[in-house]
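Observations on the model geometry
Read off the chains here:
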Amino acid sequence: MVKVNSDLIKDIKKYGAFDVSKCFNCGNCTAVCPLAKADSPFPRHLIRRAHLGDKQAVLNAKGTWLCYYCGECSKTCPREAKPAAFMAAARRYATAHADVTGITKLLYKFPVLNFLVMSAVAVLFGLFMYAQRLHVRTGEKLIEVFNIPFEYIHWFGIGVMSVAVVTLLAGMVIITLRAGEIQNILKLYKEAKRPGRNVMFAGEFIKTAFMSIMREMFAFKRFRDCDTDKNEIVWYLKPWLVHSAIAWGFVGLFLSTALNFLIKDPAIRVALWYPPRFIGILSGVMLLYGTSVVILKRIAAKEINYKDSVFADWWLILTLWFIGLSGFVMTMLVYLPEVDRNTADLLFVIHVAPAMLVVVMIAFTKLAHVFYRMHALFVYELMGNLKSHITNP
Ligand code: SF4
Ligand code: SF4
């Protein structure tokens, strides 16, 4: 039995979902949702649990990760309670509660703090890198405090990235535990593996779940199923395509940077088809395209799924857009005959400082949900397949 706790819905509203209290539980939203399933009847069920104050039900819900925010449910809500915005807020809530450091919660709940922290870290990165470049080139020290021995910088960088990676991994463990039933399933599996009983090897289930996630990552299967406005939106503006351009653009830029780092000392003005440069240009164009479309759609606010963005959504998309644009300008400059070194240094810093900020803060921003979503879908698929095979062999 659940004791009603009205504080939960107030807390979730700090992550968005400002109109959800108008819901009168009719179920229209679940009936039209293309991704709701019998075992996860969202959004109605989740909204109900949130109103009752059942925190565990909200945090453990598979539907939080299944929803791709197509907005179809909000179109049919007779009370204008915006169930799609509630699902987005529940996802932010679940993401923030998977972060053991508590930083994500603070950044989501306090937009001013978010802005100050992000700006301060970006400016610090920028000043530090500019000072380093000047120092390396001319021996001049821009700011004495930034003249830090290289090994300190190296280990500090490794330390910061380790915190981000450990936080993400801890979040995945938390999501695995939230999926529940691990002990139950292991017990059933042990019992089912009696001699003479044909129970599939657990590895086969892992493979099946893994392949399903690969289809999601590369073919965007569920995201495309969520495309209900089949004829209303031209193909190059479809949300699944635009978001894929952003995701793969970001991954491609990361890969290009890593390749540049591994292939030591490549010439700056290499041929355009030199692999790291080619991947970088292609990814930059994808990132710039995807982020520009999202920004314009959010400003226009005509499509329901672009209407209820919170500060963290705006911050991320504008930063990614800026990284794409500054990277594009920087690459163009490389191929111009005469470029002033100070201008080149400045542009480099303007491009790399926000990129470093996004990577360092990856576990504490909206980007974390990309990892958590894929992991959660994998775990729920694995658990579901195992359970159904054991109980109906
Ligand atoms: S959110 Fe709207 S459509 Fe969904 S149950 Fe509530 S009132 Fe009905
Ligand atoms: S936004 Fe789309 S996927 Fe999410 S609950 Fe509503 S209808 Fe379903």
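Residues numbered from 1 in each chain as written. Chains lettered and ligands numbered in written order. Predicted model: local features only at pLDDT ≥ 70, side-chain atom pairs only at ≥ 80, totals over all residues. Heavy atoms only, no water.

As a matter of local geometry, ligand 2 sits amid 15 residues, with C33, C67, C70, G71 and C73 nearest to it. Elements supplying a minimum of two residues to the shell around ligand 2: α6 (72-76) and α7 (83-96). Residue composition of the shell around ligand 2, grouped by class: 13 nonpolar, 1 polar and 1 charged. (Near = heavy atom within 4 Å. Helix = DSSP H or I, 4+ residues; strand = E, 2+ residues; numbered from the N terminus. Nonpolar A, V, L, I, M, F, W, Y, C, P; charged D, E, K, R; others polar.)

Time to look at the environment of W240. Tracing the backbone through its elements, the reader meets W240 in helix α14 (residues 239-262). For W240 and Y68, which are 172 residues apart along the polypeptide, the C-alpha to C-alpha distance reads 8.9 Å. Excluding anything up to four places from it in sequence, W240 contacts F220, F223, R224 and D227. (Contact = heavy atoms within 4.5 Å.)

Scanning the model with the defined rule gives 11 salt bridges in all. A salt bridge links K366 to D313, with the nearest nitrogen and oxygen atoms 3.3 Å apart. Here K366 is found in the loop between α17 (341-360) and α18 (368-391), whereas its partner D313 is found in helix α16 (residues 311-334), with 53 residues between them in sequence. Taking relative accessible area as the criterion, K366 reaches 23% and is therefore assigned partly exposed. Each of the salt bridges in this network shares a partner with another, and the network as a whole consists of D19, K22, K82 and D308. (Salt bridge = Lys/Arg side-chain N within 4 Å of Asp/Glu carboxyl O. Buried < 20%, exposed > 50% of the residue type's maximum accessible area, 1.4 Å probe, protein only.)

Time to look at a nonpolar patch on the surface. Residues W321, F322, L325, V329, L346 and I350 make up a contiguous nonpolar surface patch of about 450 Å² in total accessible area. At the level of elements, α16 and α17 are the ones that each hand at least two residues to the nonpolar patch. At 4 residues, α16 tops the list of elements feeding residues into the nonpolar patch. Looking at the secondary structure, you find L346 in helix α17. For L346, a relative accessible area of 45% corresponds to the partly exposed category. (Patch = residues over 30% accessible without salt bridge, like charges linked within 9 Å, V, L, I, M, F, W, Y side chains within 5 Å. Areas by Shrake-Rupley, 256 points an atom, 1.4 Å probe, with all protein chains shown as cover.)

Moving on, we get to the site of ligand 1. The environment of ligand 1 is formed by 13 residues, the closest being C23, C26, G27, C29 and C77. Of all elements in the fold, only α2 (28-32) and α3 (44-52) reach the threshold of two or more residues within the shell around ligand 1. The residue inventory of the shell around ligand 1, partitioned by class, reads 8 nonpolar, 3 polar and 2 charged.

To continue, consider unusual backbone geometry. Along the chain, F42 connects to P43 via a cis peptide bond; the corresponding omega equals 0 degrees. One can find P43 in the loop between α2 and α3. With phi around 70 degrees, N25 is a residue other than glycine that occupies positive phi space. Here N25 falls in the partly exposed class, since its relative accessible area comes to 29%. The phi dihedral of Y69 is positive, around 60 degrees, even though this residue is not glycine. Note on placement: Y69 falls in the loop between α5 (63-66) and α6. Relative accessible area serves as the criterion here: at 16%, Y69 is assigned to the buried category.

Don't take any of this as a statement about function, it's just geometry.
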